[in-house]
Amino acid sequence: MSAAHWSVRQRIEIPFQYTAGPAVTRFLQGLTDQKIVASVCSKCGRRSVPPLSFCGRCWQPVTEFRELTGTGQLLSYSSSADRTFGLIHLDGADSSFLHWVVADGGRLKIGSPVEPVWRSERSASILDIEHFRVLAG
Ligand SMILES: [Zn+2]
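K.L.:
How would you sum up the packing of aromatic side chains? Please name residues and give values.
P.N.:
For the structure shown, the criterion picks out five aromatic pairs. Centroid distance phenylalanine 16 to tyrosine 18: 6.0 Å. Interplanar angle 45 degrees. Geometry classified as tilted. A residue is classified by how much of its surface remains accessible, and phenylalanine 16, at 68% relative accessible area, is exposed. With 4.3 Å between their ring centres and 15 degrees between their planes, phenylalanine 85 and tryptophan 100 make a pair best called stacked. Of this pair, phenylalanine 85 sits in strand 5 (residues 84-90) while tryptophan 100 sits in strand 6 (residues 96-102), and the two are 15 residues apart along the sequence. On the accessibility criterion, phenylalanine 85 (39% relative accessible area) is partly exposed. Among the aromatic residues, those joined into a ring-pair cluster are Phe27, Phe97 and Phe132. Across from the ring centre of tryptophan 100, 3.8 Å away, lies the NZ or CZ of arginine 83, which sits over that ring.

K.L.:
Report on the sheet that holds strand 7 (residues 113-118), specifying residues and quantitative values.
P.N.:
Spatially, 4-5-6-8-7 is the arrangement adopted by the five strands of the closed barrel, whose pairing is mixed. Geometrically, the sheet is characterised by an average inter-axis angle of 50 degrees between neighbouring strands, direction not taken into account. Taken together, the five bridges between strand 5 and strand 6 define a ladder with antiparallel strand orientation. Bridge pairing in strand 6 places glycine 86 opposite histidine 99.

K.L.:
Describe the coordination of the zinc ion, naming the residues involved and giving the relevant values.
P.N.:
Within the first shell, the zinc ion binds the protein through Cys41 (SG), Cys44 (SG), Cys55 (SG) and Cys58 (SG), at distances of 2.2 to 2.3 Å. Considering all four donor atoms around the zinc ion, the spread of angles at the metal, 99 to 125 degrees, places the coordination shape in the tetrahedral class. If you list the donors of the zinc ion from N- to C-terminus, the spacing comes out as C-x2-C-x10-C-x2-C. Residue cysteine 55 shares its accessibility class with cysteine 58, and that shared class is buried.

K.L.:
Now, about the environment of histidine 99: what can you tell me, with residues and values included?
P.N.:
By the secondary structure assignment, histidine 99 is in strand 6. Histidine 99 sits 31 residues away from glutamate 130 along the chain, and the two C-alpha atoms are 8.8 Å apart. Among the polar contacts listed, one links the side chain of histidine 99 to the backbone oxygen of isoleucine 129, at a separation of 3.2 Å.

K.L.:
Got a sec to walk through the nonpolar core? Specific residues and values, please.
P.N.:
Grouped together as the largest cluster of nonpolar side chains are 17 residues, with contacts concentrated most on Ile36, Val49, Leu90 and Phe132. Counting residues per element, the ones that place at least two in this core are helix 1 (21-32), strand 1 (36-40), strand 5, strand 6, strand 7 and strand 8 (129-134). Broken down by element, the residue count for this core peaks at three residues, all from strand 8. Beyond its immediate chain neighbours, meaning those up to four positions away, isoleucine 36 contacts Phe27, Leu31, Val49, Arg66, Glu67, Leu68, Gly70, Leu90, Pro116, Trp118, Ile129 and Phe132.

Conventions we followed
Each chain has its residues counted from 1, running along the sequence as written. Where totals are concerned, whole chains, interfaces and linings use all residues; where local detail is concerned, this predicted model gives features only for residues with pLDDT of at least 70, and gives and counts side-chain atom pairs only at 80 or more. Hydrogen atoms and water are omitted, and side-chain values are computed over all heavy atoms in the structure. To pair, rings of Phe, Tyr and Trp, with the six-membered ring standing in for Trp, must have centres within 6.5 Å; the planes then decide the type, stacked if under 30 degrees apart, edge-to-face if over 60, and tilted in the middle. Per-residue accessibility, obtained with a 1.4 Å probe over protein chains only, is compared with the maximum for each type, and a residue is labelled buried under 20%, exposed over 50%, and partly exposed between these values. Helix and strand labels come from DSSP, where a helix needs a run of H or I of at least four residues and a strand needs a run of E of at least two; each type is numbered from the N terminus. Counting as a charge over the ring demands two things of the Lys NZ or Arg CZ atom: a distance within 6 Å of the ring centre and an angle within 35 degrees of the ring normal. At least two DSSP bridges between two strands are required for those strands to pair. Helix axes are fitted to C-alpha atoms over the stretch in contact, other axes to C-alpha atoms as well, and angles between N-to-C directions run from 0 to 180 degrees. With water excluded from the atoms, a metal site may look incomplete; its donors are any N, O or S atoms within 2.8 Å, or within 3.2 Å for Na, K and Ca. In this scheme the shape depends on donor count and angles: four donors with every angle between 85 and 135 degrees give tetrahedral, four or six donors with opposite pairs above 155 degrees and others between 65 and 115 give square planar or octahedral in turn, and any other case is irregular. Pairs of N or O atoms within 3.5 Å make up the polar contacts considered here, provided that, within protein, one atom can donate a hydrogen while the other can accept it, and that residues adjacent in sequence are counted only when both atoms are side-chain atoms. Buried residues of nine kinds, namely Ala, Val, Leu, Ile, Met, Phe, Trp, Tyr and Cys, make up a nonpolar core once their side-chain atoms join them within 4.5 Å. By definition in these notes, contact holds between two residues if any of their heavy atoms fall within 4.5 Å.

Dropping the structure here:
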(Lines give C-alpha, C1' and ligand atoms only; values in the text may rest on other atoms or scores of the structure.)
Protein backbone atom coordinates (compact mmCIF):
# COMPACT_ATOMS: atom_id res chain seq x y z
CA MET A 1 0.00 0.00 0.00
CA SER A 2 1.51 3.30 -1.02
CA ALA A 3 1.37 6.36 1.16
CA ALA A 4 -1.26 8.86 0.17
CA HIS A 5 -0.18 12.45 -0.31
CA TRP A 6 -2.85 14.54 1.26
CA SER A 7 -2.79 18.29 1.23
CA VAL A 8 -4.69 21.05 2.93
CA ARG A 9 -5.46 24.19 0.96
CA GLN A 10 -5.38 27.23 3.20
CA ARG A 11 -4.81 30.95 2.83
CA ILE A 12 -2.57 32.43 5.50
CA GLU A 13 -1.77 36.06 6.24
CA ILE A 14 1.65 37.14 7.34
CA PRO A 15 1.59 40.82 8.28
CA PHE A 16 5.10 42.19 7.95
CA GLN A 17 6.70 45.58 8.18
CA TYR A 18 10.34 46.53 7.88
CA THR A 19 12.38 49.69 7.99
CA ALA A 20 12.86 51.22 4.57
CA GLY A 21 16.53 52.06 5.19
CA PRO A 22 18.39 55.12 3.90
CA ALA A 23 18.16 54.34 0.17
CA VAL A 24 14.47 53.53 -0.03
CA THR A 25 13.71 56.38 2.37
CA ARG A 26 15.34 58.78 -0.12
CA PHE A 27 13.24 57.24 -2.87
CA LEU A 28 9.98 57.56 -0.92
CA GLN A 29 10.76 61.14 0.13
CA GLY A 30 11.44 61.98 -3.50
CA LEU A 31 8.10 60.57 -4.60
CA THR A 32 6.24 62.97 -2.30
CA ASP A 33 7.98 65.80 -4.21
CA GLN A 34 7.26 64.22 -7.62
CA LYS A 35 10.88 63.19 -8.03
CA ILE A 36 12.30 59.80 -8.93
CA VAL A 37 15.62 59.24 -7.17
CA ALA A 38 18.27 56.71 -8.22
CA SER A 39 21.22 55.42 -6.20
CA VAL A 40 24.64 55.77 -7.84
CA CYS A 41 27.43 53.33 -7.01
CA SER A 42 30.65 55.25 -6.34
CA LYS A 43 32.74 52.36 -7.71
CA CYS A 44 31.01 51.18 -10.90
CA GLY A 45 28.59 54.09 -11.42
CA ARG A 46 25.51 51.87 -11.72
CA ARG A 47 22.31 53.86 -11.20
CA SER A 48 19.47 51.87 -9.70
CA VAL A 49 15.78 52.63 -9.27
CA PRO A 50 14.47 51.99 -6.71
CA PRO A 51 17.74 52.98 -5.00
CA LEU A 52 19.95 50.35 -3.37
CA SER A 53 21.92 50.60 -0.11
CA PHE A 54 24.74 48.58 -1.64
CA CYS A 55 25.75 47.68 -5.16
CA GLY A 56 24.98 44.08 -6.07
CA ARG A 57 27.72 44.09 -8.70
CA CYS A 58 30.71 45.26 -6.69
CA TRP A 59 29.33 45.01 -3.16
CA GLN A 60 30.06 48.62 -2.33
CA PRO A 61 27.90 50.60 0.07
CA VAL A 62 25.97 53.21 -1.90
CA THR A 63 25.61 56.69 -0.44
CA GLU A 64 25.17 58.81 -3.57
CA PHE A 65 21.75 59.59 -5.00
CA ARG A 66 20.64 61.41 -8.11
CA GLU A 67 17.28 62.76 -9.25
CA LEU A 68 16.16 61.47 -12.65
CA THR A 69 13.92 63.28 -15.12
CA GLY A 70 11.22 60.61 -14.75
CA THR A 71 10.94 60.04 -18.48
CA GLY A 72 11.85 56.73 -20.01
CA GLN A 73 11.05 54.07 -22.59
CA LEU A 74 8.81 51.04 -22.39
CA LEU A 75 10.93 47.86 -22.43
CA SER A 76 8.08 45.39 -22.17
CA TYR A 77 4.47 45.21 -21.07
CA SER A 78 1.73 42.79 -20.18
CA SER A 79 -1.99 43.48 -20.13
CA SER A 80 -4.72 41.84 -18.12
CA ALA A 81 -8.44 42.56 -18.39
CA ASP A 82 -8.22 46.19 -17.36
CA ARG A 83 -4.62 47.11 -16.55
CA THR A 84 -1.20 47.02 -18.13
CA PHE A 85 2.08 46.48 -16.30
CA GLY A 86 5.07 48.05 -17.97
CA LEU A 87 8.76 47.43 -17.54
CA ILE A 88 10.33 50.85 -17.96
CA HIS A 89 13.86 51.98 -18.63
CA LEU A 90 14.04 55.36 -16.91
CA ASP A 91 16.36 57.85 -18.58
CA GLY A 92 19.61 57.97 -16.61
CA ALA A 93 19.06 54.63 -14.85
CA ASP A 94 20.82 51.31 -15.42
CA SER A 95 17.99 49.23 -14.01
CA SER A 96 14.40 48.70 -15.08
CA PHE A 97 11.34 49.81 -13.18
CA LEU A 98 7.92 48.13 -13.01
CA HIS A 99 4.73 50.16 -12.85
CA TRP A 100 1.29 50.57 -14.40
CA VAL A 101 1.26 51.96 -17.92
CA VAL A 102 -1.61 53.70 -19.73
CA ALA A 103 -1.61 54.42 -23.46
CA ASP A 104 -3.47 57.74 -22.88
CA GLY A 105 -3.62 58.67 -26.55
CA GLY A 106 -0.14 57.41 -27.34
CA ARG A 107 0.64 54.05 -28.89
CA LEU A 108 1.56 51.26 -26.50
CA LYS A 109 4.57 49.52 -28.03
CA ILE A 110 8.07 48.48 -27.09
CA GLY A 111 10.26 51.58 -27.08
CA SER A 112 7.37 54.00 -26.51
CA PRO A 113 8.44 57.09 -24.56
CA VAL A 114 6.70 57.36 -21.17
CA GLU A 115 6.42 59.81 -18.31
CA PRO A 116 4.98 59.53 -14.80
CA VAL A 117 1.50 60.76 -13.92
CA TRP A 118 1.55 61.86 -10.29
CA ARG A 119 -1.28 61.67 -7.81
CA SER A 120 -2.35 65.06 -6.50
CA GLU A 121 -2.10 63.78 -2.92
CA ARG A 122 1.05 61.80 -2.22
CA SER A 123 2.04 59.71 0.79
CA ALA A 124 5.60 58.46 0.19
CA SER A 125 4.34 55.40 -1.66
CA ILE A 126 5.21 53.84 -5.00
CA LEU A 127 1.57 54.57 -5.81
CA ASP A 128 2.31 58.32 -5.60
CA ILE A 129 2.92 57.65 -9.27
CA GLU A 130 -0.56 56.84 -10.51
CA HIS A 131 0.88 55.28 -13.66
CA PHE A 132 3.22 56.05 -16.54
CA ARG A 133 1.55 57.40 -19.62
CA VAL A 134 2.77 56.83 -23.14
CA LEU A 135 3.76 60.03 -24.85
CA ALA A 136 2.44 60.55 -28.34
CA GLY A 137 5.07 60.16 -31.00
ZN1 LIG B 1 28.93 49.06 -8.18
